[in-house]
Amino acid sequence: MICPGCQTPAQSVEALVNAALIGPGTISRTPDGRARIIEPGMWTRVEAAAHPLVQDDPDVHLAMTVRDGTLLISVARHSDAALVSALAPGPCAEVATAALSAAGATRTGRRVTVTAADNIPADTAFLAADHAALEDHEDRSELILLFSPDIDPALLRAVAPDIAAAMRSQLRSTVGVADGPRGLPGQRTDGTDLQAVGLVTSGPAWQQFWYGPADSGFDLEAGLRGWTEQVMADSGATALLATRHGLNWADLPPEHRTQLHVPDAGDGPGLSLATLMLTTREADWAWDRRFTRVSPDRLPTDLRGLVPTHLSAIRSGLVAPAAFQPDRRRSPAALQAHRIAALATTAAYLAVDHAHFVPADLALDVATTAEPDAGTLQALRLPGLWNLVLHEPVPVRAISADDDELEVMTAHGVVLGREQAVLGAVLAAHPDHTVDASMGLVLVTDVDDRGTRRWYLQPAAYGSHPAGRLLYSYAAQLSFAAWMNAPQPPVRGTSGKPDSANQLKRLAKDPAVRAGALHRMRVLDYTPPPTEPAASQPSDGTGTPLSHSGTRRAYWKPGVRIGIRDDSGRKVGPVYKDGAIEGETFTRERRWIRRSTVRPDLPPRPDRHVYELTTNPATTGPGAARGGHDPDRLRP
């Protein structure tokens, strides 16, 4: 920003030099005469233009190119007028609509999917017919948005949020994408969006967030197969399959068990084992729906301020009522989407006896806890074979942040917008209660292109990558932390049906129910570990004492001394002083240490500048005093 009235001479010179290097085409002037420098690749205007490829090739419906701070949109008479739905609302859609109307384009209503291609310039994207864009030359009545895997992230602002989310997942790198990995790929087929059920099929950056490096050895299909076998057995679906349809689960071909679909059984397109599995939990799902309708604790639109009773709304919202109906899905994509949704939802309901709630003030620290040490991982033991954790949304960017990024991010609080965030997870255990590390299901929420908040269960791998650390953090809390048991439910009335709407409406107002009594919800009971004797001043890892303060993320500390107490609650002896004897006066336990400031008595690091936008209207209106802050400026 060139602003001589609010810059030092050195800053003004630097801004002028930058302007000269960037070029005049990337500078726009505000009405008061100031010059705004546009970052490379960014655009501030949208204009209709003519692109030769769009004009000459009837299979190319749209071209978008950024030139000198302007987004140029090119369409032609043969363009599908429905492509406007793939563009960002506002100037992009308005300019395209006007250009399509002027060209006489008509609407055919083809679906839009995305594909990264190496031969596309980074500042351009094309929308082409599928038979011309894809190698198989098959006509699926789709339009393919072709873009470079190294596309300039600024161009993602030109498309609708769901399209941008799918494009982000296929970028070669997340460098330059401020909010990190966001959105799930998957084409919309037969009205089913794979994005809504948490299925990741492509995109190296996004897959690394959920599954770890490509050489990690994680096999999503193997994890899904293992969970399918266990969920079918634990839900009673295998027994139902035998009694209702006369089929033995073990005798079915492997591909039928994998896809949860028997094409040569049942009516129409076949027998959906996914629907069969889901119907074993239909009574619990219906109870959740009834409770949600009468509960005084309405689900917040932004999911902030969750309480234990919101579990009903979250859990029942994983699938729509149509998921329980006889299967009429025919396309492989629709069958796959239904399979994932049914498996994940049934697993969530299998955890009905082991549901856990993390209070709002602990959610961020739990979700961003450092990976436990090897000894702690080996000691993990889950309370149930199926376990569910629920908490307020924590943005995915906070979970993927490194220590420095997390410190800056939390300086003024993490603000949640439309981005993807985590609400908890479903974890499975082996019969000996060790963690089933084949995979886990992370509860994710985001806002779709219509502005509606949704949530779904996303398969993820355990490991050292962001989602893997998250799963291990939940497992450690379930294994070692203290949880308050749900209160005793109130006595139910004798009149009417036990779970009628009137009964539930009366019960829902009871404080015990609001604390999780009917949902059997245990709440994390955090108590700071006992104070240890003062240790030597921490160093920077090289033995040099710290010279600046810093933030340390939450972590698990093994071997913390805990004093043994008698029946009256008094310590039986010293814990650290002379006479302390392990096993007699103290024991050692693993304790969770929350995020904290290291050496708060020292000044912050010189490169730690946290900025906030000024919004005080008294300093931004006409006639503001010289030196007053502008809302477009940043202050430390």
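Look up: the structure comes first, before these words.
Reading guide: rules and limits
Counting restarts for each chain, with residues numbered from 1 along the sequence as it is written. Where totals are concerned, whole chains, interfaces and linings use all residues; where local detail is concerned, this predicted model gives features only for residues with pLDDT of at least 70, and gives and counts side-chain atom pairs only at 80 or more. Side-chain numbers come from the whole structure's heavy atoms, not from hydrogens or water. Two strands make a pair as long as DSSP finds a minimum of two bridges between them. A run of DSSP states H or I qualifies as a helix once it reaches four residues; a run of E qualifies as a strand once it reaches two. Both are numbered from the N-terminal end. When checking whether two residues touch, look at their non-hydrogen atoms; a contact exists if any pair is within 4.5 Å. Only C-alpha atoms enter the line fits that serve as axes; for helices the fit covers just the stretch in contact. Angles between N-to-C directions range over 0 to 180 degrees. Relative accessible area decides the class of each residue, using a 1.4 Å probe on protein chains only: under 20% of the type maximum gives buried, over 50% gives exposed, and in between gives partly exposed. In these notes the angle categories are as follows: under 35 degrees is roughly parallel, over 145 is roughly antiparallel, 65 to 115 is roughly perpendicular, and the rest is oblique. Here a crossing is taken to be left-handed if its near helix is turned anticlockwise relative to the far helix by less than a right angle, and right-handed if that turn runs clockwise. Charged means Asp, Glu, Lys or Arg here, nonpolar means Ala, Val, Leu, Ile, Met, Phe, Trp, Tyr, Cys or Pro, and polar covers whatever is left, Gly included. Pairing of aromatic rings covers Phe, Tyr and Trp, the last counted by its six-membered ring, and requires centre-to-centre distances within 6.5 Å; plane angles under 30 degrees mean stacked, over 60 mean edge-to-face, and any other angle means tilted.

Enquirer: Please clarify how the sheet that holds strand β14 (residues 386-395) should be interpreted in this entry.
Expert: Consider a sheet: its strands pair through backbone hydrogen bonds, and that pairing is either parallel or antiparallel. Read from one edge of the open sheet, 7 strands run β17-β16-β15-β14-β13-β19-β18, paired in mixed fashion. The open sheet has two edge strands, β17 (453-460) and β18 (483-484), and neither has a second partner. Note that β18 and strand β19 (residues 521-524) share 2 bridges and pair antiparallel. Residue M484 lies in a different strand from β19, and its bridge partner there is V523. Each of β14, β15 (421-428), β16 (440-447) and β17 touches helix α7 (residues 220-235); the most contacted strand, β14, lies at about 130 degrees to it. Against the sheet, helix α14 (residues 360-367) makes contact with β14 and β19, and its axis sits at roughly 100 degrees relative to β14, the strand it touches most.

Enquirer: Sorry if this is basic, but what is going on with the side chain of H256 here?
Expert: Within the secondary structure, H256 sits in helix α9 (residues 254-259). Looking at H256, the relative accessible area reads 13%, which means it is buried. When neighbours within four sequence positions are excluded, H256 is seen to be in contact with H261, V262, P263, D264 and L273.

Enquirer: I would appreciate a short explanation of the sheet that holds strand β7 (residues 124-129) in the present structure.
Expert: Spatially, β3-β5-β4-β7-β8-β6 is the arrangement adopted by the 6 strands of the open sheet, whose pairing is mixed. Both outer strands of the open sheet, β3 (45-48) and β6 (111-116), are each paired with one neighbouring strand and no more. Strand-to-strand, the axes of this sheet are offset by a mean angle of 20 degrees, without reference to chain direction. Helix α3 (residues 91-103) contacts β3 and β5 (70-74) of the sheet and is inclined by roughly 10 degrees relative to β3. Docked against the sheet, helix α5 (residues 161-168) engages β6 and β8 (142-147), running at close to 25 degrees with respect to β6.

Enquirer: Which parts of the structure should I look at to understand the packing of helix α11 (residues 282-294) against helix α19 (residues 501-508)?
Expert: Working note: a packed helix pair is described by the angle between its axes plus the distance between those axes. Between α11 and α19, the least distance of the axes is 9 Å, while the angle of their chain directions is 60 degrees. By the angle class used here, α11 and α19 are oblique. Crossing handedness for the pair α11 and α19: right-handed. Residue-level inspection shows W287, R290, F291 and V294 of α11 in contact with α19, the latter providing A501, L504, K505 and A508. A class-by-class count of the residues in the contact of α11 with α19 yields 6 nonpolar, no polar and 2 charged.

Enquirer: Looking at this structure, how should I read the packing of aromatic side chains?
Expert: Pairs of aromatic rings are described using the distance from one ring centre to the other and the angle between the two planes. Taken as a whole, this structure holds 8 aromatic pairs when the rule is applied. Consider the rings of W287 and F291, whose centres lie 5.3 Å apart with planes at 15 degrees: the pair is stacked. With W287 and F291 both in helix α11 and 4 residues apart, this pair spans about one turn of that helix. Take W287: its relative accessible area is 14%, and that puts it in the buried class. Using a relative accessible area of 1% as the deciding quantity, one classes F291 as buried. Their ring planes at 80 degrees and their centres at 5.3 Å tell us that Y526 and W592 sit as a pair that is edge-to-face. With a gap of 66 residues between them, Y526 in the loop between β19 and β20 (550-552) and W592 in strand β22 (residues 586-593) connect regions that are remote in the sequence. Overall, Y526 belongs to the partly exposed group, its relative accessible area being 25%. Residue classification places W592 among the buried residues on the basis of a relative accessible area of 5%.

Enquirer: What's the story with the environment of M484 in this structure? I'm lost.
Expert: Along the chain, the position of M484 falls in strand β18. Spatially, the C-alpha atom of M484 lies 9.4 Å from that of H356, the residues being 128 residues apart in sequence. Sequence-distant contacts of M484, defined by excluding residues within four places in its chain, comprise M521, R522, V523 and D525.

Enquirer: Sorry, what's going on with the pairing of strand β4 (residues 60-67) here?
Expert: β4 sits mainly inside the fold: 7 of its 8 residues count as buried. Here β4 runs beside β5; their pairing, made up of 5 bridges, is antiparallel. Looking at the pairing, V66 lines up with L71 of β5. Linking β4 to β5, which pair antiparallel, is a turn of 2 residues; within it D68 sits at a positive phi near 50 degrees.

Enquirer: Please clarify how unusual backbone geometry should be interpreted in this entry.
Expert: Unlike most non-glycine residues, H433 shows phi in positive territory, near 70 degrees. Relative to the helices and strands, H433 resides in the loop between β15 and β16. A residue is classified by how much of its surface remains accessible, and H433, at 28% relative accessible area, is partly exposed. For R520, which is not glycine, the phi dihedral falls at a positive 50 degrees.

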